[in-house]
Amino acid sequence: MIDIQEIRKDFPILSREVYGRPLVYLDNGATTQKPRCVIDAMTDEYLNVNANVHRGVHYLSQQATELHEAARETVRRFVNARSTAEIIFTRGTTESINLVASSFGQAFLHDGDEVILTQMEHHSNIVPWQLLQARTRIIIKVCPITDEGRLDLDALEALFSPRTRLLSCTFVSNVLGTVNPVADIIRVAHAHEVPVLLDAAQAAPHLPIDVQALDCDFLAFSGHKVYGPTGVGVLYGKETLLEQMPPYMGGGEMIGKVSFEHTTFNSLPYKFEAGTPDYVATTGLARALDYVSAIGFTAVMEHEKALTSYARERLSEIPGMRFFGPSDDSVVSFLVGEIHHLDLGTLLDRLGIAVRTGHHCAEPLMHRLGIEGTVRASFALYNTREEVDALVSAIDRVRQMF
Ligand code: PMP
């Protein structure tokens, strides 16, 4: 059991008020708040260490480099990768997926080859493949979802063909809260000799990730959704695949030797890290991963699952409540009667409650559900049952206004 009140003290922002009311922050799917240790680690680096990494002979540069590379080791441990060569720092999930679409695409995808996505993908796992499509005539196939909001695994199996080159799917849906059976999906894909990219943006904050046990080929997540800073994310890739892929961007750090006639590239992971990395953010990310790991995912999952079930139970008391998706994880998406999601979100905000409304960057999923958008409450390890109660009574108040 975790002591939520103690944990809340680690997050300074949670004690602020909005519109004279205590903040009830239920927009963690969009971004999480940061514990003081993350903010302090980053402030300390700017105050005492700051220097560009990798290039300097001087003391500060070496110290900054040590912090940056130690952060890579922390990420490796967090996802249980075999080697730090497989951990590439990016700006976030979006950049990680774009990197794979561009670079894996260049190496392995030819006209007529197929990529499988699913109907529950975030735009950042749809549009990069469409951009690739503008250069190479790949075919995008889409696995449908059931009415319950789960992947239709029979339909998925039928999508594989000898031209399938990659399956890219979300681990956890940011709209439906579905936790996909990714280990089974990977097994099926590998039986067809198809590698798998997992979008773990909504998984990394909530459940333990073991890339070796899963045997996924790529995995992407964002620092800011797992209590870390914005501007940094991770791409895990199997070394054998990364070795065969060309660089994504060119510039400093990613090279071996440069001349106007011929340039060679650096070894992994630096081949994919052109330019000055956000080395302060990587320190913050490492601190955030250490923070959540110290609490432990067993406790985090127990707390968040209990809170999510409690939210479903309490919200279902509201007349006209319609849920979307199974809410396996920390996400509850809903609509209430005929109230427009934007109106509901705006009025909840006035009562101090931060939720997200709209299509959640998943317009194809909205089309499938036959709606324009939902209201989404998404939980983190610091949320409480009292906050769920506050959400429920605020919705009741809004309902009475209509
Ligand atoms: N995938 C999923 C499932 C997400 O929820 C998000 C963020 N909402 C992203 C990708 C994109 O993450 P980022 O904007 O941090 O790159």
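This text goes with the structure placed above it.
Rules and cut-offs
- Residues numbered from 1 in each chain as written.
- Predicted model: local features only at pLDDT ≥ 70, side-chain atom pairs only at ≥ 80, totals over all residues.
- Heavy atoms only, no water.
- Salt bridge = Lys/Arg side-chain N within 4 Å of Asp/Glu carboxyl O.
- Helix = DSSP H or I, 4+ residues; strand = E, 2+ residues; numbered from the N terminus.
- Buried < 20%, exposed > 50% of the residue type's maximum accessible area, 1.4 Å probe, protein only.
- Axes fitted to C-alpha atoms, helices over the stretch in contact; angles between N-to-C directions.
- Parallel < 35°, antiparallel > 145°, perpendicular 65-115°, else oblique.
- Left-handed = near helix turned anticlockwise from the far one by under 90°.
- Contact = heavy atoms within 4.5 Å.
- Pairing = 2+ DSSP bridges.
- Phe/Tyr/Trp six-rings, centres within 6.5 Å; stacked < 30°, edge-to-face > 60°.
- Lys NZ or Arg CZ within 6 Å of the ring centre and 35° of its normal.
- Expected span 1.5 Å × (residues − 1).

Draft legend 1. Local environment of the pattern of salt bridges. Applying the stated criterion across every chain yields a total of 22 salt bridges. Arg72 serves as the salt-bridge partner of Glu69, at 2.8 Å between the closest nitrogen and oxygen. With a gap of three residues between them, Glu69 and Arg72 both fall in helix H3 (residues 59–79), about one helical turn apart. Residue Glu69 is classed as partly exposed on the basis of its relative accessible area, which comes to 22%. We note a salt bridge from Asp113 to Arg165, for which the minimum N-O separation is 3.3 Å. In this pair, Asp113 is assigned in the loop between helix H4 (93–108) and strand E5 (114–118) and Arg165 in strand E7 (residues 164–170), connecting sequence segments 52 residues apart. Of the residues examined, Asp113 reaches a relative accessible area of 1% and is grouped as buried. Residue Arg165 is classed as partly exposed on the basis of its relative accessible area of 27%. A single network of salt bridges, built from pairs that share partners, joins Asp27, Arg356 and Arg376.

Draft legend 2. Molecular detail of the packing of helix H2 (residues 36–49) against helix H10 (residues 279–295). Direction vectors running N to C along H2 and H10 enclose 150°, while the axes themselves pass 8 Å from each other. Considering the angle they form, H2 stands roughly antiparallel to H10. Judged by the sense of rotation from one axis to the other, the crossing of H2 with H10 is right-handed. Along its contact with H2, which presents Cys37, Val38, Ala41, Met42, Glu45 and Tyr46, the element H10 presents Tyr279, Val280, Ala281, Thr283, Gly284, Arg287, Ala288 and Tyr291.

Draft legend 3. Focus on the sheet that holds strand E10 (residues 233–237). If you trace the seven strands from one edge of the open sheet to the other, you get E4-E10-E9-E8-E7-E5-E6, paired in mixed fashion. Where the open sheet ends on each side, the last strands, each with one partner, are strand E4 (87–90) and strand E6 (139–143). Between one strand axis and the next, the sheet turns by 20° as a mean value, whatever way the strands run. Across five bridges, the pairing between E5 and E6 is parallel. Its bridge partner lying in E6, Thr118 is registered against Cys143. Packed onto the sheet, H3 meets E4, strand E9 (218–222) and E10 and runs at close to 115° relative to E4. This element, helix H7 (residues 182–191), spans E7 and strand E8 (196–199) of the sheet and lies at about 160° to E8.

Draft legend 4. Fine view of the packing of aromatic side chains. Per the stated rule, a full pass over the model turns up eight aromatic pairs. Arranged with centres 6.0 Å apart and planes meeting at 75°, the rings of Tyr227 and Tyr382 form a pair that is edge-to-face. Placement of the pair is Tyr227 in the loop between E9 and E10 and Tyr382 in the loop between strand E17 (374–378) and helix H14 (385–401), with a sequence separation of 155 residues. As far as burial versus exposure is concerned, Tyr227 and Tyr382 are alike and both buried. Put simply, the rings of Phe11, Tyr227, Tyr291 and Tyr382 pair up and form one aromatic cluster. Sitting over the ring of Phe323, Arg312 keeps its end group 4.1 Å from the ring centre.

Draft legend 5. Local environment of H4. Over its 16 residues, H4 extends 21 Å from the first C-alpha to the last, a length consistent with the 22 Å expected when each residue adds 1.5 Å. With 12 of 16 residues buried, H4 lies mostly within the body of the structure. Residues of H4 that are buried include every one of Thr93, Glu95, Ser96, Ile97, Asn98, Leu99, Val100, Ala101, Ser102, Ser103, Phe104 and Gly105, and no others.

Draft legend 6. Structural detail: unusual backbone geometry. Between Leu268 and Pro269 the backbone carries a cis peptide bond, its omega angle lying at 0°. Position of Pro269 among the secondary structure elements: in the loop between strand E12 (263–265) and H10. Look at Glu193: it is not a glycine, yet its phi comes out positive at around 60°. Mapped onto the elements of the fold, Glu193 is located in the loop between H7 and E8.

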